[in-house]
Amino acid sequence: MARPVWSGALSLGLVTVPVELYPAVADHTIHFHQFERGTSDRIRNRKVNERTGDEVTQDEIVKGYDLGGGDHVLVEPDELDEIAPERSRRIDIEQFVELDEIDPWFFDKTYWLKPAKEDFAKAYGLLLQAMDRSEKAGVAKFVLRGKEYLAAVRAGQDVMVLNTLHFVADLRKPKDVMGKLPQLPKPRPKELDMAMALVDEMTAPWKPEDYRDEYSERVEELIKAKEAGKEITHEEEPEPSADVVDLFEALSRSVKNRKSGGKEPKKKAAKKQKQDELSELSKSDLDKLAREQGVKGRSKMTRAELEKALKAS
């Protein structure tokens, strides 16, 4: 069982419930060690004194704030802890808001909150049910690992969920990041209607289990293949799609393709339709279809060869 990353109390008015905080998300990133090329020698990171070159232990390290010009203000860890002793051990709910009022832009990480002991289950359950029925989230602040966080505490499935939130000052506006945005022309009504039709056609229930980290899977396959001494082959990058000249035509074809995907027309008509559609697709689209249908050797095929292979499949 995982260990809590924080323990303290959830405070709502005069009600205080001792709780523990657990990460709700697991990191599946594949981590590598570093080696010097051509050797089996590990690369290590050590904290050393810049002047003497001597390694320094963690208990001998203090923080320093750069004032510029080589000057720093040195701060001890205990001094930082003393600034907010209460917030370090409490999650204080300051108000409740409608959950859908919080823009997803603000959400950061997700945690579970559980009562620290069975003795506090009644108070915990009462608050959980109240938040569930009201469909509201409690806005709170607390300190985790030396940093103050804004958080939303809400009801999950039989457990409280805590989402850390970004402060407004942390969020960047598009114009501050990308500079001047292009002037967006007003779309023609028929183009907008067709775009809406495509959105409607592609709308489906949210099934998160349908999505997975394919890059990590390929990295794992690479590692297993190298471990077994196999030669590694890579698919070629698909060619970028050509610029769309007629936006309405592209949208119309997209809607048509989506609608025809779930039907079973007569065999002869289906074959002719398939051939007509394939002749209109770019090499990138053909490559995607070939991948979905498991066409072998597709990475080395020209556009004409891809079309021929798909027509034969």
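Rules behind the numbers
- Residues numbered from 1 in each chain as written.
- Predicted model: local features only at pLDDT ≥ 70, side-chain atom pairs only at ≥ 80, totals over all residues.
- Heavy atoms only, no water.
- Pairing = 2+ DSSP bridges.
- Helix = DSSP H or I, 4+ residues; strand = E, 2+ residues; numbered from the N terminus.
- Axes fitted to C-alpha atoms, helices over the stretch in contact; angles between N-to-C directions.
- Salt bridge = Lys/Arg side-chain N within 4 Å of Asp/Glu carboxyl O.
- Buried < 20%, exposed > 50% of the residue type's maximum accessible area, 1.4 Å probe, protein only.
- Arc of directions from axis to C-beta.
- Core = buried A, V, L, I, M, F, W, Y, C linked by side-chain atoms within 4.5 Å.
- Contact = heavy atoms within 4.5 Å.

Each strand in a sheet pairs with another by means of backbone hydrogen bonds, the pair being arranged parallel or else antiparallel. The strand order β1-β2-β6-β9-β8-β7-β5 describes a closed barrel built from seven strands, whose pairing is mixed. Averaged over neighbouring strand pairs, the angle between their axes works out to 40° when direction is ignored. In the sheet, strand β6 (residues 107-115) pairs with strand β9 (residues 160-165) via five bridges, with the strands oriented antiparallel. Residue pairing across strands places F107 opposite L165, the latter belonging to β9.

Taken as a whole, this structure holds six salt bridges when the rule is applied. Of the charged contacts, one joins R212 and E217 as a salt bridge, the two residues approaching to 2.9 Å between their closest N and O atoms. Given a relative accessible area of 56%, R212 falls into the exposed group.

A few words on unusual backbone geometry. With the exception of glycine, most residues fall at negative phi, and the peptide bonds are largely trans. Even without being a glycine, E135 presents a positive backbone phi close to 55°. Position of E135 among the secondary structure elements: in the loop between α2 (121-134) and β7 (136-144). The exposure class of E135 is exposed, given its relative accessible area of 60%.

It is worth spelling out helix α8 (residues 283-292) at this point. Of the residues making up α8, those classed as buried are K283, S284, L286, D287 and A290. One side of α8 holds all its buried residues, which, seen down the axis, span an arc of 160°. Of the exposed residues in α8, the ones pointing more than 90 degrees away from its buried face are K288 and E292. With its phi angle positive at about 70°, G294 sits one or two positions after the end of α8.

This next bit is on the nonpolar core. Here is a general trend for soluble globular proteins: nonpolar side chains tend to be buried in one another's company. Of all hydrophobic cores here, the largest spans 22 residues; its most connected members are I91, L113, F142, M160 and L162. Elements supplying a minimum of two residues to this core: β1 (6-12), β2 (15-23), β5 (90-98), β6, α2, β7, β8 (147-155) and β9. The greatest single-element share of this core, amounting to four residues, is contributed by α2. Apart from the residues within four sequence positions on either side, L162 is in contact with L21, I91, K109, T110, Y111, L113, F142, A151, A152 and V153.

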